[in-house]
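Coordinate inspection notes
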Amino acid sequence: MAMDWRDVKAEIEAEIDKIWFDEPLELTLSKRGIFPSGAGAHQQAFGNFVFLFADTHAIGGFVIEAPMYSFVDNPSFTLDHCKTIFTAINMNKCRIMGANHGPDSKCPAAWLNMPKFQKFYLDIEACLDTVKTKEEFKSLLWSWFNYVDRFNKWVYVLFPWSAVGDQMPLITGKDISPADLELCKEAGLF
């Protein structure tokens, strides 16, 4: 029998409580550059942190969350439409971030150190038959997006901003070279 959506919601809520004030272990390992999956480019983990930032940002309140609530609140979308949309826009992203393909694969661990994203997504997918109303679905989504957003806030805090901050100084006004000023004009900035 499939999990009940209330049990999945409780599971996600327990994880939110766990990481509300305490840094997620997945991110502790990530900031140390530890990625058992082998993710990374040129023996560097910095790009992984960029994806941790971007992917959690995309799934959460800044990209997917608001439209999802709009679909649920829109009477022209049925509950089944909303379930289909949710799985379509979360499935691949969660798999990429957190699927473990086993020790004999080219990806022997959760790719971006986020196995709970894949687990919670799969649990939500497995419990969708027990969700009978849009209100129940919205309640489940509320927990999912709170988890995603809290995790994303941790990524904001832990992101190695200093590694790139001094590498890209702001150039404005009279400090813009004549050649770059022409590019600005060509780009339509003026």
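The structure this text deals with has already been given above.
All of the points below concern the structure found in this document. Residue indices begin from 1 for each chain and proceed along its sequence in written order. Under the rules for a predicted model, residues below a pLDDT of 70 receive no local features and side-chain atom pairs below 80 are neither given nor counted, while totals for whole chains, interfaces and linings still include all residues. Each side-chain value is derived from all of the structure's non-hydrogen atoms; neither hydrogens nor water enter the calculation.

**Considering the pattern of salt bridges**
- Salt bridge, as used here: a side-chain nitrogen of Lys or Arg that lies within 4 Å of a carboxyl oxygen of Asp or Glu. Following the criterion strictly, the structure yields 11 salt bridges and no others.
- Its salt-bridge partner being Lys116, residue Glu15 comes within 3.3 Å of it at the nearest N-O pair. Of this pair, Glu15 sits in helix α1 (residues 5-19) while Lys116 sits in helix α6 (residues 115-127), placing them 101 residues apart in sequence.
- Linking Lys119 and Asp123 is a salt bridge whose minimum nitrogen-to-oxygen distance equals 2.7 Å. On the criterion of helical spacing, the pair formed by Lys119 and Asp123 is a turn pair, its members being four residues apart in helix α6.
- Three or more residues joined by partner-sharing salt bridges are found here, namely Asp4, Arg6 and Glu136. The secondary structure listing takes helices from DSSP runs of H or I that are at least 4 residues long and strands from runs of E that are at least 2 residues long, numbered from the N terminus.

**Digging into the environment of Trp5**
- On the secondary structure map, Trp5 appears in helix α1.
- Classification of Trp5 as buried rests on a relative accessible area of 6%.
- Sequence-wise, Trp5 and Glu15 are 10 residues apart; in three dimensions their C-alpha atoms are separated by 16 Å.
- Residues within four places of Trp5 in sequence aside, it is in contact with Cys127, Thr130, Val131, Glu136, Ser139 and Leu140. Only protein chains enter the accessibility calculation, which uses a 1.4 Å probe; a residue whose area is less than 20% of its type maximum is buried, one above 50% is exposed, and one in between is partly exposed. We call two residues in contact whenever any of their non-hydrogen atoms come within 4.5 Å of each other.

**Things to note about the packing of aromatic side chains**
- Under the pairing criterion, centres of Phe, Tyr and Trp rings, with the six-membered ring standing for Trp, must be within 6.5 Å; the plane angle then separates stacked pairs below 30 degrees from edge-to-face pairs above 60, leaving the rest tilted. Tallying each qualifying case throughout the model produces 16 aromatic pairs.
- Taking the centre distance of 5.6 Å and the plane angle of 50° together, the rings of Phe53 and Phe159 count as tilted. Here the residue Phe53 occupies a position in helix α3 (residues 46-59), and Phe159 occupies one in the loop between α7 (134-158) and α8 (161-165), the gap between them amounting to 106 residues. Across the pair, exposure class does not vary: Phe53 and Phe159 are buried alike.
- An angle of 90° between the planes, with centres 5.7 Å apart, marks the rings of Phe53 and Trp161 as edge-to-face. With Phe53 in helix α3 and Trp161 in helix α8, this pair connects stretches of sequence that are 108 residues apart.
- Through a chain of ring-to-ring contacts, three or more aromatic side chains come together here, namely Phe86, Phe117, Phe120, Tyr121, Phe137, Trp144, Tyr147 and Phe151.
- We call a charge positioned above a ring when the Lys NZ or Arg CZ atom is no farther than 6 Å from the ring centre and deviates by at most 35 degrees from the ring normal. The side chain of Arg150 reaches across the aromatic face of Trp20, ending 4.2 Å from its centre.

The values reported here are purely geometric and, on their own, carry no functional implication.
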